[in-house]
Amino acid sequence: KEKVELTKEQQALMKLIVDAYNKHQIPQDFAKKLLQEQYSADENFLLLTEVATSQVQVLVEFTKSIPGFLSLDHEDQIALLKGSAVEATYLRSAQVFSKKMPTGYAQLLEERIRKSGISQDFITPMFNFYKSISELHMAQEEQALLTAVTILTPDRPYVKDQQAVERLQEPMLDVLRKLCALQHPQEPQYFARLLGRLTELRTLNHFHAEMLTSWRTDDHKFTPLLCEIWDVQ
Ligand SMILES: Cc1onc(-c2ccc(Cl)cc2Cl)c1C(=O)N(C1CCCCC1)C1CCCCC1
């Protein structure tokens, strides 16, 4: 049984990613705000768009801290951000919500989200995903690395130099694989289960796109950043 351990540079890479992931955290208060007051549907929706906007801002800052990202072709940087924004946001909000939430909070949150005019068709898959993430009991290092791996997906639409992205993603995957072996020695399939979550994440992209087009008609307003990253209006 070969002894798995991280090299010095792998430890340094992991520390960089984890620090960046923790540095850019949106305050937990959006869940508290959502749970506190009884808002109208419009106020609920506005609150959600504010949260989504700050999540995207946090995502952009985290992405810029990924070693090598800013050396990529500028158009490819944009293509990677736009291609991964929804997945990375679901991944981060899953981690926020999978933290020990007092019982009943998730239900109350679901009710508030539903009251914002977002149909159950889009809320159910989101909470299913949250459940499958929380069952993994991911360490924060795994969460940070999995988010970086998601962002550095070479086959996003419009990426020109996919090899350059692969060269950044591969070392992240190596660290993540070793980390899973170290943190879950009794679960040899854990790394594969983690990557399986990325497949489930892609289905949320589809729901998100459907949600946005279903709102094209009525007066759902987004912020300029959301319009740009989600290609709406
Ligand atoms: C992407 C994405 O990933 N996570 C979220 C998220 C989840 C839960 C909370 Cl309480 C807040 C957010 Cl931002 C999120 C997102 O942007 N959402 C969620 C979509 C599914 C229902 C809840 C809201 C919408 C999108 C339209 C504009 C309003 C915010």
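Use the structure listed above.
Residues numbered from 1 in each chain as written. Predicted model: local features only at pLDDT ≥ 70, side-chain atom pairs only at ≥ 80, totals over all residues. Heavy atoms only, no water.

Enquirer: Can you explain the pattern of salt bridges? Please cite residues and give values.
Expert: Under the defined criterion, the tally for this structure stands at 13 salt bridges. Of the charged contacts in the structure, one is a salt bridge between Glu110 and Arg114, with a shortest N-O distance of 3.4 Å. Placement of the pair is Glu110 and Arg114 together in helix α5 (residues 105-114), with a separation of 4 residues, close to one helical turn. In this structure, Glu200 engages Arg197 in a salt bridge whose closest nitrogen and oxygen atoms are separated by 3.1 Å. With a gap of 3 residues between them, Glu200 and Arg197 both fall in helix α9 (residues 190-216), about one helical turn apart. Salt bridges sharing common partners tie together Asp73, Glu75 and Lys160. (Salt bridge = Lys/Arg side-chain N within 4 Å of Asp/Glu carboxyl O. Helix = DSSP H or I, 4+ residues; strand = E, 2+ residues; numbered from the N terminus.)

Enquirer: Hey, could you go over the layout of surface pockets for me, with residue numbers and the actual values?
Expert: Over the atoms a probe the size of a water molecule is rolled, and this reveals where empty space is left. Taken as a whole, the second largest pocket holds about 460 Å³ of empty space. Sorting the residues of the lining of the second largest pocket by element identifies α4 (74-98), α9 and α10 (224-230) as the ones contributing at least two each. For the lining of the second largest pocket, the element with the most residues is α9, which contributes 7 residues. Taken together, the residues of the lining of the second largest pocket break down into 10 nonpolar, 4 polar and 6 charged. (1 Å grid on protein atoms, 1.4 Å probe; cavity = no way out; pocket = protein on both sides within 12 Å on 5 of 7 lines; lining within 4 Å. Points joined across faces, edges and corners; volume = space filled by probe spheres on them. Nonpolar A, V, L, I, M, F, W, Y, C, P; charged D, E, K, R; others polar.)

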